[in-house]
There are 2 protein chains.
Amino acid sequence: MKHFEQKVIRFIDEKNLINKNDKILVALSGGPDSVLLLNLLVKYQKRFKINIGALHINHRLRGVDSREDERFCRLLCESLNVTFYSVRKNVKSYSQKYKYSLEESGRILRYYELNRFADKYGYNKIATAHNSSDNAETVLLNLIKGAGLRGISGIPYKRGNIIRPVLCVTKKEINSYLKFHKINFRVDLTNLSSDYERNFLRNEILPVIKKRLNPSIEDTILNSSEIFRNADCLIECKVNEFIDDVADFSGKELKIYLNKLPELKPELIPELLKTLLKKNFQMQVTFDDILKLKSLINKESGKNVNLSSNISALKERNVILIGPYIRDENFQPVNTEVGKEVQINGKKLCIENCERPIKFSNKKNEEYIPADNIDDKFIIRRWQYGDRFYPLGLNGTKKVSDFLNEEKIASSQKKKQLVLLNNDKIVWIIGLRLDERFKITNKTNRIFKLCLR
Amino acid sequence: MKHFEQKVIRFIDEKNLINKNDKILVALSGGPDSVLLLNLLVKYQKRFKINIGALHINHRLRGVDSREDERFCRLLCESLNVTFYSVRKNVKSYSQKYKYSLEESGRILRYYELNRFADKYGYNKIATAHNSSDNAETVLLNLIKGAGLRGISGIPYKRGNIIRPVLCVTKKEINSYLKFHKINFRVDLTNLSSDYERNFLRNEILPVIKKRLNPSIEDTILNSSEIFRNADCLIECKVNEFIDDVADFSGKELKIYLNKLPELKPELIPELLKTLLKKNFQMQVTFDDILKLKSLINKESGKNVNLSSNISALKERNVILIGPYIRDENFQPVNTEVGKEVQINGKKLCIENCERPIKFSNKKNEEYIPADNIDDKFIIRRWQYGDRFYPLGLNGTKKVSDFLNEEKIASSQKKKQLVLLNNDKIVWIIGLRLDERFKITNKTNRIFKLCLR
């Protein structure tokens, strides 16, 4: 059992987790891992010259058992002569309020309280009892469920003020040590049932893999995690070198300058896009999002794609505009053509061949456009975040959004506004304003009439 | 089934695997994957404007079955109007000769022949039928058995002139397609039994994971593979930017300049060390090798570590020297001390306290050293690659290796040469030359006598 302790001490030294005079707050659940961690740190506190306290967070998920856990931790700390803190949090109500899973809520509250207590009582480090089995499960589960480098980097042995001194030993090694030294702990029954996927991996997959493919898979994956974490770190650095040159974020809309991208290695672009989306829209970026964005880079201006989390991206000439789009729950784009009448929002829109001479009117629901070099297929759709057009009579472009604001369209109506497109160009903000590019000139031969009745 | 074909075509287009006028040589085993690949490429050869040929490599591992495979492939190509080539290779004898596994030998011979035929008959691309199930197996197996980024990057869809157009579909999808279209193929029975670990993963682990955790794990891992490959590529680039500044390789010995390392991000150092070892010694670098080398960086001069593949590393003041060491099969380092007699190579070495006055002699098997500021523990060991000492009478250091050459020691004897160490310093190239640092001076009080009898 000396070997076990040496392994942990060597890990702490190698990774430089503990310095002289550290004040360390241990996250103490009462389960085997945290009980072991506390015992070891206490045993070696003189060697490390450290101060130790422990915080128990009562998640109030298991009634009497939760109170018993707390009592157990208090008594353990008394017996070890460790300062004990405890706090009760209602994980269930937090989970219901913020729509996180119970596990996620527990995690958030735990780290929040650990940091709060550390700050309040002057602990410069927080120690959690994650072990190499937890790490292997995390890495494998993330790989199986879909992950980038961050996902398979596993649990870091050090992150900010958080240290994980027993990350180098397996759950099994911990249990043997506790048994050998007759150290008591609490069995958290929720652990055995709450996280279905993790438990399936832990209880059914990993044991077989260990038996048949690699008995020391935890060590193997811990080593690999470190390689992956290093790589992730390097790429993050590299992306951050470029990120401010390549894009601007206005608070709502992200602009990616396409002429800056060729300066980057192509392999870096997916990571850059991912970081930009994550950073500015706090979204869970999928592989599909990145594929769509990447393909948009080489598409013609005016094309757009919908990403996950209600974010959409629009290609303009030298820039990609990204922002939240208004989810169009009631109106799907409608194809129409010359000679056809379409029912929209209780009115009829028709596009007709039109004979000269035209009687121009002031009616905003009637417009004329040149038919000469134009496709006779049209699309009617709601305007999208990022849409721009050339308002008739104005020199240059304007965002449809801004135009609608200037027209004092009520915001409830604004999102319902329809536009008519020809070949991806906005022809008409329907019922409001024609596009300058579709103005009748003295060179116009044939004419279409647009009409909303 | 149209969907299946579209998926493959889209993949080929997206990854730009095929260009107009490509001449593609398909690796045709006769199994389901390669039969499907050939059929699909033939079906779309006009769309892609390509020429297709197929090479069957008869591994001669399964007697009659092997000849039947070859016949099947020949007939298939005739029916599809595809130029057919075949070649017979004795995988077994190659495997025995070069000590590779049968799988590895098959792989080496396969790619060798594919390239040879492609060159000979003017094919600019080689297509292999790896699918997303193969990729998922490779990634998972590598992660489980221990891998860096390269290992979990899976099977690349393109590498040099090799393309893998069906890497986007699963084994199951391929089988359904073949069944639906009533396309025949050969069942390779060796596939079902030869690679124990891969088959275990394929038949026992992956099906459960698919059922319980992620039914589309192949797609998921294919996406992740690409992320990992990008990262691997970026880091390789970054390492290559530095590699020539940081190290020199003489053909035998690698010098890493320690004063150059701080210019690198610390996360890059493990990758740099790994690349240097792989590149210069063609060794399989383990995580442990890198840990040892990294720890050597901060150790005192004179320390050395043995790496895998008979490579050892020696720390000198500003440099780490790495080279193959002579595997010492018969002689393990021996600890000795003053007053003790040790049996080595049929002779006796003793270190004794010695009274003045000394009768200096010319005998090379008798030397005197100062005992004043010296440890009384010594080590006798074979000299190691990278060892240096200060030959008595010479101003400066010399490699032990060079010294032995100059002394005209036969190479069979050279590797057996022993040295005496005190506190990691070479005291005596035993029976040949004392070290300058251990010279008796007029300040010397106490004296040890070294004697080989």
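Fair warning: this is a prediction, and the values are worked out from it, not measured in the lab.

**Student:** Explain the packing of aromatic side chains to me, please; I cannot follow it from the model alone.
**Tutor:** Both the distance between ring centres and the angle between the ring planes are used here to describe each pair of aromatic rings. Residues and elements named next belong to chain A. Inspection of every chain in the model, using the stated rule, returns 22 aromatic pairs over all chains. Here the aromatic rings of tyrosine 85 and tyrosine 123 are separated by 5.9 Å at their centres, their planes lie at 90 degrees, and the arrangement is edge-to-face. Here tyrosine 123 lies in the loop between α6 (102-121) and β4 (125-127) and tyrosine 85 lies in strand β3 (residues 83-88), a separation of 38 residues in the sequence. By relative accessible area, which is 12% here, tyrosine 85 ends up buried. In this structure tyrosine 123 comes out as buried when scored by relative accessible area, which is 7%. Within the aromatic cluster, the residues linked to one another by ring pairs are Tyr85, Phe117, Tyr121 and Tyr123. A cation sits over an aromatic face here: lysine 23 above tyrosine 123, 4.6 Å from the ring centre.

**Student:** Quick question: what am I supposed to make of the relation of the copies chain B and chain A here?
**Tutor:** What connects the two chain copies is a rotation about an axis and a shift along it. Note on the copies: chain B fits chain A at an RMSD of 0.6 Å, the axial shift is 0.2 Å, and the rotation between them is 179 degrees. Expressed as a symmetry operation, the mapping of one chain copy onto the other fits a two-fold axis. An overlap of 100% is found between the interface residues of chain B and their copies at the interface of chain A, pointing to a shared contact surface.

**Student:** Help me understand the nonpolar core in this model?
**Tutor:** Nonpolar side chains in soluble globular proteins tend to be buried together. Within the largest apolar cluster, 102 residues are counted, with the highest numbers of intra-cluster contacts made by Ile256 and Ile322 of chain A together with Ile256 and Ile322 of chain B. In contact with isoleucine 256 of chain B, not counting residues within four places along its chain, are Val246, Ala247, Leu261, Leu273, Leu276, Asn318, Val319, Ile320 and Ile322 of chain B.

**Student:** Hey, could you run me through the side chain of lysine 274 of chain A in this one?
**Tutor:** All names here are of chain A. Relative to the assigned elements, lysine 274 resides in helix α12 (residues 268-281). Buried and unpaired, lysine 274 has no salt bridge, with glutamate 271 as the nearest side chain of opposite charge at 4.5 Å. Here lysine 274 is in contact with Gly148, Val285 and Ile290, once residues within four sequence places are set aside.

**Student:** Explanation requested: the pairing of strand β11 (residues 319-324) of chain A in the structure shown.
**Tutor:** Moving residue by residue along a regular strand, the side chains alternate between the two faces of the sheet. All names here are of chain A. Among the six residues that make up β11, five are buried, leaving the element largely enclosed by the rest of the structure. Note: strand β8 (residues 254-257) against β11, four bridges, orientation antiparallel. Its bridge partner lying in β11, isoleucine 256 is registered against isoleucine 320.

**Student:** Help me understand the sheet that holds strand β22 (residues 447-452) of chain B in this model?
**Tutor:** Sheets are built from strands paired through backbone hydrogen bonds, the pairs being either parallel or antiparallel. All names here are of chain B. Taken in spatial order, the four strands line up as β13-β14-β22-β15 in an open sheet, and their pairing is antiparallel. Strand pairing shows two members of the sheet lacking a second neighbour, β13 (341-344) and β15 (366-370), which therefore form its edges. Ignoring which end each strand starts from, the neighbouring axes of this sheet average 20 degrees apart. Where strand β14 (residues 347-354) lies against β22, six bridges are found, and the strand directions are antiparallel. Counted as the bridge partner of isoleucine 351 is leucine 450 from β22.

**Student:** Mind showing me how you'd approach unusual backbone geometry here?
**Tutor:** Leave glycine aside and you will find that most residues have negative phi; peptide bonds, for their part, are mostly trans. All names here are of chain A. Positive phi is not limited to glycine here, since asparagine 423 has a value of about 55 degrees. Along the chain, asparagine 423 falls in the loop between β19 (418-422) and β20 (425-429). Accessibility expressed as a relative area gives 53% for asparagine 423, which makes it exposed.

**Student:** Hey, could you run me through the domain arrangement of chain A in this one?
**Tutor:** Interfaces are often described in size by the accessible area the parts lose on coming together. Domain assignment breaks chain A into domain 1 (2-227), domain 2 (250-324) and domain 3 (334-452). Here the C-alpha centroids of domain 1 of chain A and domain 2 of chain A sit 38 Å apart.

**Student:** Please explain the pattern of salt bridges as it appears in this structure.
**Tutor:** Pairing between side chains of opposite charge can happen when their charged atoms approach one another. A full pass over the atoms with the stated rule returns 71 salt bridges over all chains. Of the charged contacts in the structure, one is a salt bridge between glutamate 137 of chain A and arginine 202 of chain A, with a shortest N-O distance of 2.8 Å. With a gap of 65 residues between them, glutamate 137 of chain A in helix α7 (residues 132-145) and arginine 202 of chain A in helix α10 (residues 196-212) connect regions that are remote in the sequence. Here glutamate 137 of chain A matches arginine 202 of chain A in class, with each residue buried. A salt bridge links lysine 210 of chain B to glutamate 218 of chain B, with the shortest nitrogen-to-oxygen separation between them at 2.7 Å. Here lysine 210 of chain B falls in the partly exposed class, since its relative accessible area comes to 23%. Glutamate 218 of chain B sits in the buried class, given a relative accessible area of 8%.

**Student:** Where do I start with the interface of chain B and chain A in this structure?
**Tutor:** The interface is formed by 43 residues belonging to chain B together with 43 residues belonging to chain A. The junction of chain B with chain A conceals about 4000 Å² of combined surface from both sides, 73% of it contributed by carbon and sulfur atoms. At the boundary of chain B with chain A, the tally comes to two salt bridges. Glutamate 204 of chain A serves as the salt-bridge partner of arginine 212 of chain B, at 3.6 Å between the closest nitrogen and oxygen. Joining chain B to chain A, the criterion identifies eight residue pairs in polar contact (both at pLDDT 80 or more). Contributions of two or more residues to the side of chain B that touches chain A are made by α7 (132-145), α8 (149-152), α10 (196-212), α11 (217-246) and α12 (269-281) of chain B.

**Student:** What am I meant to see in a negative patch on the surface here?
**Tutor:** Residues and elements named next belong to chain A. Together, Asp244, Asp245, Asp248 and Glu263 give the surface a local cluster of negative charge. Its place among the elements puts aspartate 248 in strand β7 (residues 247-249). Classification of aspartate 248 as partly exposed rests on a relative accessible area of 41%.

**Student:** Can you help me understand the packing of α12 of chain A against helix α13 (residues 287-297) of chain A in this one?
**Tutor:** Each pair of packed helices can be described by the angle between their axes along with the distance between the axes. Residues and elements named next belong to chain A. The contact between α12 and α13 brings their axes to 10 Å, and the two run at 115 degrees. In terms of orientation, α12 and α13 fall into the roughly perpendicular class. Helix-helix and strand crossings are classified by hand; for α12 and α13 the assignment is right-handed. Contact with α12, carried on its side by Ile269, Pro270, Leu273, Lys274 and Leu277, involves Ile290, Leu293, Lys294 and Ile297 of α13 and no other residues of that element. A per-class count over the contact of α12 with α13 returns seven nonpolar, no polar and two charged.

**Student:** Can you walk me through α6 of chain A in this structure?
**Tutor:** One full turn of an α-helix is made of 3.6 residues, so residues set three or four places apart face in the same direction. Residue and element names in this part refer to chain A. End to end, α6 covers 28 Å across 20 residues, agreeing with the expected 28 Å (1.5 Å per residue, within 8%). When α6 is considered as a whole, its buried residues turn out to be Ser105, Gly106, Leu109, Tyr111, Glu113, Leu114, Phe117 and Ala118. Looking at the buried residues of α6, the elements they touch are β1 (23-27), β2 (51-58), β3, α5 (91-98), β4 and β6 (162-163). Glycine 122 sits one or two residues past α6 and shows a positive phi near 75 degrees.

**Student:** Hey, could you run me through α12 of chain B in this one?
**Tutor:** Residues and elements named next belong to chain B. Helix length check: α12, at 13 residues, gives a terminal C-alpha distance of 18 Å against a target of 18 Å (1.5 Å per residue), a fit within 8%. The element α12 is largely enclosed, with a buried count of 10 among its 13 residues. Of the positions making up α12, those classed as buried are Ile269, Pro270, Glu271, Leu272, Leu273, Lys274, Leu276, Leu277, Asn280 and Phe281. Phi turns positive one or two residues past the end of α12, at glutamine 282, with a value near 45 degrees.

**Student:** I'm lost on the pairing of strand β3 (residues 83-88) of chain B in this one. Help?
**Tutor:** All names here are of chain B. Relative to β3, strand β2 (residues 51-58) is paired through six bridges, and the arrangement is parallel. Within β3, the residue paired with asparagine 58 across the bridge is arginine 88. Once the chain exits β2 it traverses helix α4 (residues 64-80) before rejoining the sheet at β3, and the crossover so formed is right-handed.

**Student:** Would you mind showing me how to read the side chain of glutamate 226 of chain B here?
**Tutor:** Its location among the elements puts glutamate 226 of chain B in helix α11. Look past the residues within four positions of glutamate 226 of chain B in its chain and what remains in contact with it is Phe287 of chain A together with Lys15 and Tyr157 of chain B.

**Student:** Explanation requested: the state of the cysteines in the structure shown.
**Tutor:** One way to say it: the disulfide is the covalent bond shared by the sulfur atoms of two cysteines. Applying the stated criterion across every chain, the model contains zero disulfides over all chains. Cysteine 354 of chain B carries a free sulfur, and the closest cysteine sulfur to it, the one in cysteine 451 of chain B, is 10 Å from it.

**Student:** Help me understand the sheet that holds strand β10 (residues 311-315) of chain A in this model?
**Tutor:** Residue and element names in this part refer to chain A. The antiparallel open sheet is built from five strands, whose spatial order is β7-β8-β11-β10-β9. Only two strands of the sheet have a single neighbouring strand rather than two, namely β7 and β9 (304-306). Strand-to-strand twist across the sheet, computed as the mean angle between neighbouring axes with direction ignored, equals 15 degrees. Direction of pairing for β10 relative to β11: antiparallel, over a ladder of five bridges. Among the inter-strand pairings, alanine 313 is bridged to a residue of β11, identified as isoleucine 322. This element, α13, spans β9, β10 and β11 of the sheet and lies at about 15 degrees to β10.

**Student:** What should I look at first to understand the packing of α10 of chain A against α10 of chain B in this one?
**Tutor:** At a minimum axis separation of 12 Å, α10 of chain A and α10 of chain B run at an interaxial angle of 170 degrees. If you check the angle between α10 of chain A and α10 of chain B, you find them roughly antiparallel. Here Tyr196, Phe200, Glu204, Ile205, Val208, Ile209 and Arg212 of chain A of α10 of chain A lie close against α10 of chain B, whose contacting residues are Tyr196, Phe200, Glu204, Ile205, Val208, Ile209 and Arg212 of chain B. A breakdown of the residues in the contact of α10 of chain A with α10 of chain B according to their chemical character gives 10 nonpolar, no polar and four charged.

Definitions and limits used
- Residues numbered from 1 in each chain as written.
- Chains lettered and ligands numbered in written order.
- Predicted model: local features only at pLDDT ≥ 70, side-chain atom pairs only at ≥ 80, totals over all residues.
- Heavy atoms only, no water.
- Phe/Tyr/Trp six-rings, centres within 6.5 Å; stacked < 30°, edge-to-face > 60°.
- Helix = DSSP H or I, 4+ residues; strand = E, 2+ residues; numbered from the N terminus.
- Buried < 20%, exposed > 50% of the residue type's maximum accessible area, 1.4 Å probe, protein only.
- Lys NZ or Arg CZ within 6 Å of the ring centre and 35° of its normal.
- Least-squares fit on C-alpha atoms with pLDDT ≥ 70 in both.
- Contact = heavy atoms within 4.5 Å.
- Core = buried A, V, L, I, M, F, W, Y, C linked by side-chain atoms within 4.5 Å.
- Lys, Arg positive; Asp, Glu negative; His and termini not counted.
- Salt bridge = Lys/Arg side-chain N within 4 Å of Asp/Glu carboxyl O.
- Pairing = 2+ DSSP bridges.
- Axes fitted to C-alpha atoms, helices over the stretch in contact; angles between N-to-C directions.
- Domains from an automatic or database assignment.
- Buried area = accessible area lost by both parts, 1.4 Å probe.
- Polar contact = N/O pair within 3.5 Å; in protein donor to acceptor, adjacent residues only side chain to side chain.
- Patch = residues over 30% accessible without salt bridge, like charges linked within 9 Å, V, L, I, M, F, W, Y side chains within 5 Å.
- Areas by Shrake-Rupley, 256 points an atom, 1.4 Å probe, with all protein chains shown as cover.
- Charge placed at Lys NZ, Arg CZ, Asp CG, Glu CD.
- Parallel < 35°, antiparallel > 145°, perpendicular 65-115°, else oblique.
- Left-handed = near helix turned anticlockwise from the far one by under 90°.
- Nonpolar A, V, L, I, M, F, W, Y, C, P; charged D, E, K, R; others polar.
- Expected span 1.5 Å × (residues − 1).
- Right-handed = clockwise from strand over helix to strand, strands pointing away.
- Disulfide = S-S within 2.5 Å.

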